[in-house]
Structure formats: structure tokens, C-alpha cells
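# Coordinates in review
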Amino acid sequence: MGTKNIAVIVGSLRKESISRKIAENLIALAPSSLKPAIVEIGDLPLYNLDLETEAPPPSWQRFRDQVRAAQGLLFVTPEFNRSVPGALKNAIDVGSRPYGKSVWAGKPGAIVSGSIGNIGGFGANHALRQSMVFLDVPLMQQPEVYLSGFDKLVQPDGSLVPTTQEFLRKFMHAFAAWVDKIAGS
Ligand SMILES: Cc1cc2nc3c(=O)[nH]c(=O)nc-3n(C[C@H](O)[C@H](O)[C@H](O)COP(=O)(O)O)c2cc1C
């Protein structure tokens, strides 16, 4: 079975982001069939068709190349105003163009959403699913992951509380099986 590169895309840009800490833990929990790595989105200029020339912004190129090279997608995102953060939506838009050359289509994906509140980023999770349907990304359906109060799930040393760690370990194994099913083992 070949190892699959997984593009991990984090919806928050801030240094102390809890989403990023969760993403780092997910990377550590991945089974050996997956090789996940964060693909940065913070330096992508806002999508503007006028920049879609023969020499688009270098960070757009870098982002598109990194996602294209991945065999799977793992989104880890907080919720902003009941939807995805603008930075994440921008990254999705950048990857979707030029028209006909989307880097997303056909790649197996999964979503982990979270928030400091009680509904675990449900709005962001499903707003993201809406875009992924259009972009033809087959998303894992189960287990769904909505991390409520996620600031309390990450310990001061960056590790997860044991129950969340166990839950996310199972999630990563299910995701590996999903990637194999869609992308071939
Ligand atoms: C602009 C903005 C909008 C937010 N909207 C929501 C929201 O709709 N639902 C929610 O549960 N939390 C919301 N929050 C709180 C986030 O859950 C919290 O800031 C979280 O820690 C952000 O994720 P991060 O730690 O990865 O940056 C919002 C935060 C910001 C800055």
C-alpha cells in the first residue's frame, strides 16, 4: 500500500490558533499509510480574476502545486459567524481556478470543525461541505467531527485530553480507509 500525501488546510491564521494545534495532533495521530502536512493559506492574495494572468501570484502557484500533489484533503477549521473563515474560503477559491483546472476535484477529504462555543463549528463544517459538493470532493461522511469547547481539549503542552485524542485517532484511521477507498490503496 502506497503512502498518501494529505494536504492539511487550517482555517485560522493566528499563531496561537487552537485549530492549528488540533491539526498538529491529527498529523501525529495519522496511521503510517498517510503523510499529512499543513499547506499554508495565510499568504494567498484575495482571489481576483484580474490576477489570473500568465504570471499569477507566486503564493497561488505554490498553493495549487501543493494541493495538486496531495492524494487527500483534511480541513481543520473554526467557525466565523456561522460559516468558514474568509481566509479558508479564499484558499478554496484560489484552488478552484483557472476554470477547468481546479486542484480539488476527486480528492478524498474530511473535515474537523471546532469552536470555543457549544456547537462545535457545525455552521462552518456544513458551509464547507456545500463548497466541496460543487468542487467534486468526496467527503467522508462518518465519523463527523464537531469539537465543542475546543480550547479546553488542548492541554498547556499542546497535547489533547485523552478522550479527544482517542476519538481523533479513530477518526484518522477512518479517514485513512476513506482515502484508500477513493484514491486506491
Ligand atoms: C470573526 C470571528 C467570528 C467568530 N464566529 C464564531 C461563530 O460563529 N461560532 C463560534 O462558535 N465561534 C465563533 N468565533 C469564536 C471562535 O470559535 C474562536 O475565536 C476560536 O478560538 C477560533 O479558532 P482558532 O483558535 O483556531 O483561531 C468567532 C471568532 C471570530 C474571531
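Use the structure listed above.
Here the structure is a predicted model, which means the values were calculated and not measured. (Residues numbered from 1 in each chain as written. Predicted model: local features only at pLDDT ≥ 70, side-chain atom pairs only at ≥ 80, totals over all residues. Heavy atoms only, no water.)

As a structural note, the neighbourhood of the ligand is formed by 13 residues, with Ser12, Arg14, Ser17, Ser19 and Asn81 the closest of them. Taking Ile18, its main chain carries an N or O atom lying 2.9 Å from an oxygen atom of the ligand. In isolation the ligand offers 620 Å² of accessible surface; the protein chains occlude 72% of this area. Of the residues assigned to the shell around the ligand, the class counts are five nonpolar, five polar and three charged. (Near = heavy atom within 4 Å. Polar contact = N/O pair within 3.5 Å; in protein donor to acceptor, adjacent residues only side chain to side chain. Areas by Shrake-Rupley, 256 points an atom, 1.4 Å probe, with all protein chains shown as cover. Nonpolar A, V, L, I, M, F, W, Y, C, P; charged D, E, K, R; others polar.)

What follows is about the packing of aromatic side chains. A complete count under the given rule lists four aromatic pairs for this structure. Considering the side-chain rings of Tyr47 and Trp60, the 4.9 Å spacing of their centres and the 10 degrees angle between planes classify their relative orientation as stacked. In this pair, Tyr47 is assigned in the loop between strand 2 (34-38) and helix 2 (58-68) and Trp60 in helix 2, connecting sequence segments 13 residues apart. A relative accessible area of 24% places Tyr47 in the partly exposed class. Site record: aromatic cluster; members linked through ring pairs are Phe63, Phe75 and Trp104. (Phe/Tyr/Trp six-rings, centres within 6.5 Å; stacked < 30°, edge-to-face > 60°. Helix = DSSP H or I, 4+ residues; strand = E, 2+ residues; numbered from the N terminus. Buried < 20%, exposed > 50% of the residue type's maximum accessible area, 1.4 Å probe, protein only.)

So, about the sheet that holds strand 3 (residues 72-78). Hydrogen bonds along the backbone pair up the strands of a sheet, which may run parallel or antiparallel. Strand order in the open sheet formed by five strands is 2-1-3-4-5, and the pairing between neighbours is parallel. Strand pairing shows two members of the sheet lacking a second neighbour, strand 2 and strand 5 (145-147), which therefore form its edges. When strand polarity is set aside, the average angle formed by the axes of neighbouring strands in this sheet is 20 degrees. Sitting on the sheet, helix 1 (residues 18-29) is in contact with strand 1 (4-10), strand 2, strand 3, strand 4 (109-114) and strand 5, with an inclination near 150 degrees to strand 3. (Pairing = 2+ DSSP bridges. Axes fitted to C-alpha atoms, helices over the stretch in contact; angles between N-to-C directions. Contact = heavy atoms within 4.5 Å.)

In this structure, Arg64 sits in helix 2. Excluding its chain neighbours within four sequence positions, the residues that come into contact with Arg64 are Tyr47, Glu52, Pro56, Val94, Gly95, Arg97, Pro98 and Val103.

Next up on the list: the nonpolar core. Within soluble globular proteins, side chains that are nonpolar tend to cluster in buried spots. One finds Ile22, Leu74, Phe171 and Phe175 to be the most contacted residues of the largest nonpolar core, which totals 30 residues. Formed by 25 residues, the second largest nonpolar core is a distinct cluster that contains Trp60, Ile92, Val94 and Val137. (Core = buried A, V, L, I, M, F, W, Y, C linked by side-chain atoms within 4.5 Å.)

It is the contact of helix 1 with helix 5 (residues 162-183), at a shortest axis distance of 9 Å, that shows an interaxial angle of 60 degrees. Between helix 1 and helix 5, the crossing angle belongs to the class labelled oblique. For helix 1 against helix 5, the interelement crossing comes out right-handed. For the pair formed by helix 1 and helix 5, the contact residues are Ile22, Leu26 and Leu29 on the first element and Gln165, Leu168, Arg169, Phe171 and Met172 on the second. Classifying every residue of the contact of helix 1 with helix 5 by side-chain character gives six nonpolar, one polar and one charged. (Parallel < 35°, antiparallel > 145°, perpendicular 65-115°, else oblique. Left-handed = near helix turned anticlockwise from the far one by under 90°.)

A few words now on the packing of helix 3 (residues 86-96) against helix 4 (residues 122-134). Across the interface, helix 3 lies against helix 4 with an axial gap of 12 Å and an inter-helix angle of 5 degrees. In this view, helix 3 runs roughly parallel relative to helix 4, as classed from their interaxial angle. On helix 4, the residues that touch Leu88, Lys89 and Ile92 of helix 3 are Leu128, Ser131 and Met132. A class-by-class count of the residues in the contact of helix 3 with helix 4 yields four nonpolar, one polar and one charged.

Here we take up the environment of Val133. Looking at the secondary structure, you find Val133 in helix 4. It is 27 Å that separates the C-alpha atoms of Val133 and Ile18, two residues lying 115 residues apart in sequence.

Attention now moves to the pattern of salt bridges. With the rule as written, the count across this model stands at ten salt bridges. The residue Asp151 makes a salt bridge to Lys152 at a minimum N-O spacing of 3.6 Å. As a salt-bridge pair, Arg169 and Glu166 come within 3.3 Å of each other at their nearest N and O atoms. With Arg169 and Glu166 both in helix 5, this residue pair falls three residues apart, about one helical turn. (Salt bridge = Lys/Arg side-chain N within 4 Å of Asp/Glu carboxyl O.)

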